[in-house]
Amino acid sequence: MLQLKQEPNKTMNIVIKDEHDIEKMRVAGRLASEVLDFIGPHVVAGVTTEELDKLCHDFMVNVQDTIPAPLNYAPPGYSPYPKSICTSVNHQICHGVPGPKKLKNGDIINIDITVIKDGYHGDTSRMFIVGEGSLAARRLCEITFEAMWLGIEQVRPGATLGDVGAAIQKFAEGFGYSVVREFCGHGIGTKFHEEPQVLHYGRPGTGVKLIEGMIFTIEPMLNAGKREIKEMPDGWTIVTKDHSLSAQWEHTVLVTADGYEVLTVSSGTPANPRLKSQAA
């Protein structure tokens, strides 16, 4: 996810993807999602996030022949990121740096994967619960997942990014959760972070109007407590200021002629829960 600039979407150069770009992004997106399929069974009590990072790194480099985009990534003002994935545990919101601490039963963890294949980026993340997990933790993960999908469902030509953010914010706050505002989704393609910035809060009908060929991430971060954040001394890991639990899900989305296509899909991708509820 991208750290929010002061004036989102005021001046930008959004790259509209052609069919060649889109096909490359489908491949990169599927591969990123397959890393999450691969690592899921390894997310168990007693494993360290450092071990998860090594497993993902080796799978990306040796099996997929992809490049882990986060490794040594250094946007302005940051030191190079030292690992191949982000692992944000419990009250960590995003950019958690893998380390020697072991996961324990009840922990929740977001694993954020970005791969580069043939010069194109695929970016996605999922929540995992270690063991059973508390009712509160499971509920936060479920509502965040549904909030992401509600945002995705707003995507179509003529809609605005404000429609996406407003839908997520209204849904999340309706359950008493807060939306992190300092970090947002982003355009993506041959660059890791492109315009536009995709806020997860806002007002309907405002912001950039969506047109066919745009590709961006939708990746809401919801806190069980207040929305205020704090940066840890490593210069990367972001945590909730009140130490409350935080959850995040992420997909990369294409604006199609009549709606959207989720590009970060693989055999193990969790289904849109809203389709089940609508069918019922």
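In this text the structure is predicted, and so the values were computed from the model without any measurement. (Residues numbered from 1 in each chain as written. Predicted model: local features only at pLDDT ≥ 70, side-chain atom pairs only at ≥ 80, totals over all residues. Heavy atoms only, no water.)

J.: Explain the nonpolar core to me, please; I cannot follow it from the model alone.
T.: A general feature of soluble globular proteins is that nonpolar side chains tend to end up buried together. Core analysis: the largest hydrophobic core is formed by 35 residues, its most contacted members being Val 155, Leu 210, Phe 216, Ile 218 and Leu 222. Taken together, the elements giving at least two residues each to this core come down to helix H3 (135-152), helix H4 (161-174), strand E10 (215-218) and strand E15 (251-255). Top element by residues in this core is H3. It accounts for 10 residues. If we ignore the near neighbours within four places in the chain, the residues touching Leu 210 are Val 155, Arg 156, Pro 157, Gly 158, Ala 159, Thr 160, Leu 161, Phe 216 and Val 255. In terms of nonpolar packing, the next biggest core, distinct from the first, is built from 20 residues, Leu 31, Cys 56, Leu 103 and Phe 128 among them. (Core = buried A, V, L, I, M, F, W, Y, C linked by side-chain atoms within 4.5 Å. Buried < 20%, exposed > 50% of the residue type's maximum accessible area, 1.4 Å probe, protein only. Helix = DSSP H or I, 4+ residues; strand = E, 2+ residues; numbered from the N terminus. Contact = heavy atoms within 4.5 Å.)

J.: Sorry, what's going on with the packing of helix H1 (residues 19-39) against helix H2 (residues 49-64) here?
T.: Helix-helix packing: each pair is described by the crossing angle between the helix axes and the interaxial distance. Between H1 and H2, the shortest axis-to-axis distance is 10 Å and the interhelical angle comes to 130°. By the angle between their directions, the pair H1 and H2 is classed as oblique. Between H1 and H2 the crossing geometry is right-handed. Counted together, Leu 31, Glu 34, Val 35, Phe 38 and Ile 39 of H1 and Leu 52, Leu 55, Cys 56, Phe 59, Met 60 and Gln 64 of H2 form the full contact between these two elements. Looking at side-chain class alone, the contact of H1 with H2 contains 9 nonpolar, 1 polar and 1 charged residues. (Axes fitted to C-alpha atoms, helices over the stretch in contact; angles between N-to-C directions. Parallel < 35°, antiparallel > 145°, perpendicular 65-115°, else oblique. Left-handed = near helix turned anticlockwise from the far one by under 90°. Nonpolar A, V, L, I, M, F, W, Y, C, P; charged D, E, K, R; others polar.)

J.: Even after reading the chapter, I still don't get the state of the cysteines, so can you show me in this structure?
T.: A covalent bond bridging the sulfur atoms of two cysteines is what the word disulfide describes. Considering all chains together, one arrives at 0 disulfides under this definition. Distance from the sulfur of Cys 86, which forms no disulfide, to the nearest cysteine sulfur (Cys 94) is 8.0 Å. Under the relative-accessibility criterion, Cys 86 is labelled buried at 9%. Considering cysteine sulfurs only, Cys 94 is the nearest to Cys 141, which forms no disulfide, with 15 Å between them. (Disulfide = S-S within 2.5 Å.)

J.: Please clarify how H2 should be interpreted in this entry.
T.: Along an α-helix, residues three or four positions apart point the same way, because every turn accommodates 3.6 residues. Between its terminal C-alpha atoms H2 stretches 21 Å, which fits the 22 Å expected from 16 residues at 1.5 Å a residue. Turning to H2, its buried residues number three or more, namely Thr 49, Leu 52, Asp 53, Cys 56, Phe 59, Met 60 and Gln 64. Down the axis of H2, the smallest arc covering the buried residues is 130°, so these residues share one side. What points out from H2, more than 90 degrees from its buried face, is the exposed set Lys 54 and Asn 62. Turning to H2, the residues buried within the fold contact H1, strand E2 (67-68), strand E3 (86-89) and strand E5 (108-117). Positioned one or two residues after H2, Asp 65 has a phi angle of 60°, which is positive. (Expected span 1.5 Å × (residues − 1). Arc of directions from axis to C-beta.)

J.: Just checking my understanding: could you explain H4 for this structure?
T.: For H4, built from 14 residues, the straight-helix expectation of 20 Å at 1.5 Å per residue is met to within 8% by its first-to-last C-alpha distance of 20 Å. The buried fraction of H4 is high, at 11 of 14 residues. All of the buried residues in H4 are Leu 161, Gly 162, Asp 163, Val 164, Gly 165, Ala 166, Ala 167, Ile 168, Gln 169, Phe 171 and Ala 172. Buried residues along H4 sit in contact with H3, strand E7 (178-179), strand E9 (194-198), E10 and strand E11 (221-223). At the C-terminal side of H4, Gly 176 shows a positive phi close to 85°.

Spatial relationships are all this shows, so hold off on functional conclusions.
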